[in-house]
Protein chains: 2
Amino acid sequence: MIPSPYLVYLGAARDPLSVKTSRGVAEWRRELCVGERRLPGCEVTLGLENLTYEEAVMRGAKTLILGEANAGGILTQTSVREAVAALEAGLHVAAGLHERLRDNPLIRETAQRMGLSVFDVRDPPPNLPIGTGVPRPGHRLLTVGTDCSVGKMYTSLALERELRRRGIRADFRATGQTGILIAGSGVPIDAVVADFIAGAAEWLTPARHDGGWDIIEGQGSLFHPAYAGVSLGLLHGSQPDALVLCHEPSRTHMRNLPGRSLPDLKECLEANLAAARLTSPNVVAVGVSLNTSRLERQAALRLCRETEDALGLPCTDPVAMGVGRIVDRLLECFPDSRSASSAGR
Amino acid sequence: MIPSPYLVYLGAARDPLSVKTSRGVAEWRRELCVGERRLPGCEVTLGLENLTYEEAVMRGAKTLILGEANAGGILTQTSVREAVAALEAGLHVAAGLHERLRDNPLIRETAQRMGLSVFDVRDPPPNLPIGTGVPRPGHRLLTVGTDCSVGKMYTSLALERELRRRGIRADFRATGQTGILIAGSGVPIDAVVADFIAGAAEWLTPARHDGGWDIIEGQGSLFHPAYAGVSLGLLHGSQPDALVLCHEPSRTHMRNLPGRSLPDLKECLEANLAAARLTSPNVVAVGVSLNTSRLERQAALRLCRETEDALGLPCTDPVAMGVGRIVDRLLECFPDSRSASSAGR
């Protein structure tokens, strides 16, 4: 677990996309964020107070979230300098870049000298087990997708929030670096050695006896020719009771693969249900999540209604319309999940 | 590529299974083996001449194949001593153990001093690409299975041998450590980072223009809850024209998973064909390979006939009956594969 609360790093960002991990943390774990760290020239804000590292420590911050995203996932010279300054002020540092914090000698030595930790969330945990497929207690929901980057993390977090709002225990289980920084724990499933994909998912979502839900962040797509193996291992290891299908309707081809069209929603859902039955014979679909941000409001509503009719499932855009109707369906299908008497962890 | 010819190591083995990798190399690449290395107490032989390291070098051997298999995949003290002796005599050393040769200081330093190489075939190659699914020329056949360890490597090698015997170019493409030591190259697909499974298979079997076949060693099973992700990534990356389904009929449950039954052959084959169509829309099945070693001859023949009738495909035990009828079907389906004018590499 990464110690909270956090100071989230924006550096000298001019483009909101370049700090999408910091934004995700500030959006989904605002209660854990004491402030943001902006450098001269920064044109982005998360609406948090701009603090120095010393001020952040005074307000109780434990960890700097170095939530940058750049091509290649590298640590820039500026990031190294700022990570060192944060460590010297008394903060742990967490990042999800390909280039590891611990592989930078200056960062590593400063952390050692200060008795602090660096968290490279792209590292899989050691000693992951091999999957078994043995049935385990607990309710689990997995988001699956027609493609990569169609809103699986966002949908999962929205489901967690809505379930908790209704007094039902629910915990987001992160499988990607942004999700892990939001949740404070998780498994970067795309970085696990191939033999351990399903085992990693089993490890992430162990037996649960409190009537609550593990809401598991899906990855990739069974229909993506690069990543389907990851998606299938995650599907088997998750042993899901329920699936939510995520889709971006304005996408013209599979991500990074011009000319390869997206699967039909019904075909995609049925393939996921069929594969999931290997470890979860009674799995059901409970909803469809569409990212309609590129559509007009009326067109988005019409598309949701049409999708709903075609698949017989509640269909919604989590950002524009919330996920209430998907949660309604989930609770109809699993009335025992109401039994938890208190919300949150 | 691991330099050949080889000296194959048997050590002081008393159990043939403990040297199954050396046996595989001697069985399938006998023309590359100048001798075997037996230590006092050894009760196993591969029928090769027993040579010292110096004698092997005199006969032209280039590499010692340290083809042991033990629980945990560790390097024993004896193996370390023998690897060092082989290096000092002038041989490279290759092994497929989990414990790496290069991580042993004595072996590493001896190799450096002698200017020789150690080959840890469980290491994936660096800089593997992400898969693309873009169609590529060439004929590819993949063996798939109902379970792990049902004869996919053996069947693949038998198909390569039979195709070459008929004057058709064919190359076994190894995906596991024993296969890699037999082939002298390959990718240990189970050791690749999850995001790169399909890309590794694409890298292993690039575009081919000579009318010949890549015969790809399958791994795991779409129906194994631990390894299906590996199997699916390999299936997508292989982009196979043809599948051969492998099965062990006397197995009562999935490997290491008591209580979990094997899939029905027809269901398993159809699931593999459906998944393969994502990157190879015209894929066909050309045969079924059964390991009938635990059945009487008559029962084995009867089972093959029954399977043949049920699936409409040639069915054979490669060891007891050869793979001629599967190759007949393959060449009926792909008459252009006859066009190669010479056999072998």
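Residues numbered from 1 in each chain as written. Chains lettered and ligands numbered in written order. Predicted model: local features only at pLDDT ≥ 70, side-chain atom pairs only at ≥ 80, totals over all residues. Heavy atoms only, no water.

Student: If you had to explain the confidence of the model for chain A to someone new, which residues and values would you point to?
Tutor: Summing up the model confidence of chain A, the mean pLDDT is 94 and the portion of residues at 70 or higher is 98%. On the interface metric, ipTM, the complex scores 0.90, and its pTM is 0.91. (pLDDT = per-residue confidence, 0-100.)

Student: If you had to explain the interface of chain A and chain B to someone new, which residues and values would you point to?
Tutor: At the interface, 29 residues of chain A touch 29 residues of chain B. When chain A packs against chain B, close to 2,300 Å² is buried across both sides, 60% of that on carbon and sulfur atoms. The largest contributions to the chain A side of the interface with chain B come from Asp-195, Pro-225 and Leu-278 of chain A, which together make up 23% of the buried area. Counting the contacts that link chain A with chain B gives 0 salt bridges. (Contact = heavy atoms within 4.5 Å. Buried area = accessible area lost by both parts, 1.4 Å probe. Salt bridge = Lys/Arg side-chain N within 4 Å of Asp/Glu carboxyl O.)

Student: So what about the packing of helix H3 (residues 77-89) of chain B against helix H4 (residues 105-114) of chain B? Which residues, and what values?
Tutor: Residues and elements named next belong to chain B. Where H3 contacts H4, the axes come no closer than 9 Å and their chain directions differ by 0°. By the angle between their directions, the pair H3 and H4 is classed as roughly parallel. Taking contact as the criterion, the partners of Val-80, Ala-83, Val-84, Leu-87 and Glu-88 in H3 are, on H4, Leu-106, Ile-107, Thr-110, Ala-111, Arg-113 and Met-114. Considering only residue class, the contact of H3 with H4 consists of 8 nonpolar, 1 polar and 2 charged. (Axes fitted to C-alpha atoms, helices over the stretch in contact; angles between N-to-C directions. Helix = DSSP H or I, 4+ residues; strand = E, 2+ residues; numbered from the N terminus. Parallel < 35°, antiparallel > 145°, perpendicular 65-115°, else oblique. Nonpolar A, V, L, I, M, F, W, Y, C, P; charged D, E, K, R; others polar.)

Student: I'd love a proper account of the sheet that holds strand E5 (residues 118-120) of chain B, names of residues and values included.
Tutor: Residue and element names in this part refer to chain B. In space, the 5 strands of this open sheet follow the order E2-E1-E3-E4-E5, with parallel pairing throughout. Looking along the sheet, the strands with just one partner apiece sit at the ends: strand E2 (33-38) and E5. Shown here is a sheet whose adjacent strand axes are inclined to one another by a mean of 25°, direction ignored. One ladder, built from 3 bridges, connects strand E3 (residues 63-65) with strand E4 (residues 92-95); its direction is parallel. What sits directly across from Ile-65, in E4, is Ala-94. (Pairing = 2+ DSSP bridges.)

Student: I'd love a proper account of the packing of aromatic side chains, names of residues and values included.
Tutor: As enumerated under the stated definition, the model contains 4 aromatic pairs over all chains in all. Note on Trp-28 of chain B and Tyr-154 of chain B: the rings are 4.9 Å apart at their centroids and 80° apart in plane angle, and the pair reads as edge-to-face. A residue pair is termed long-range when its members are at least 10 positions apart, and Trp-28 of chain B in helix H1 (residues 20-28) and Tyr-154 of chain B in helix H5 (residues 152-165) qualify at 126 residues. On the basis of relative accessibility, which here comes to 6%, the residue Trp-28 of chain B falls in the buried class. Residue class for Tyr-154 of chain B comes out partly exposed when judged on its relative accessible area of 26%. Judged by centre distance (5.1 Å) and plane angle (80°), the rings of Trp-213 of chain B and Phe-334 of chain B are edge-to-face. Within this pair, whereas Trp-213 of chain B is found in strand E8 (residues 213-216), its partner Phe-334 of chain B is found in the segment after helix H12 (324-333), the two being separated by 121 residues in sequence. Note that Arg-37 of chain A overlies the ring of Tyr-53 of chain A, its terminal NZ or CZ placed 4.6 Å from the centroid. (Phe/Tyr/Trp six-rings, centres within 6.5 Å; stacked < 30°, edge-to-face > 60°. Buried < 20%, exposed > 50% of the residue type's maximum accessible area, 1.4 Å probe, protein only. Lys NZ or Arg CZ within 6 Å of the ring centre and 35° of its normal.)

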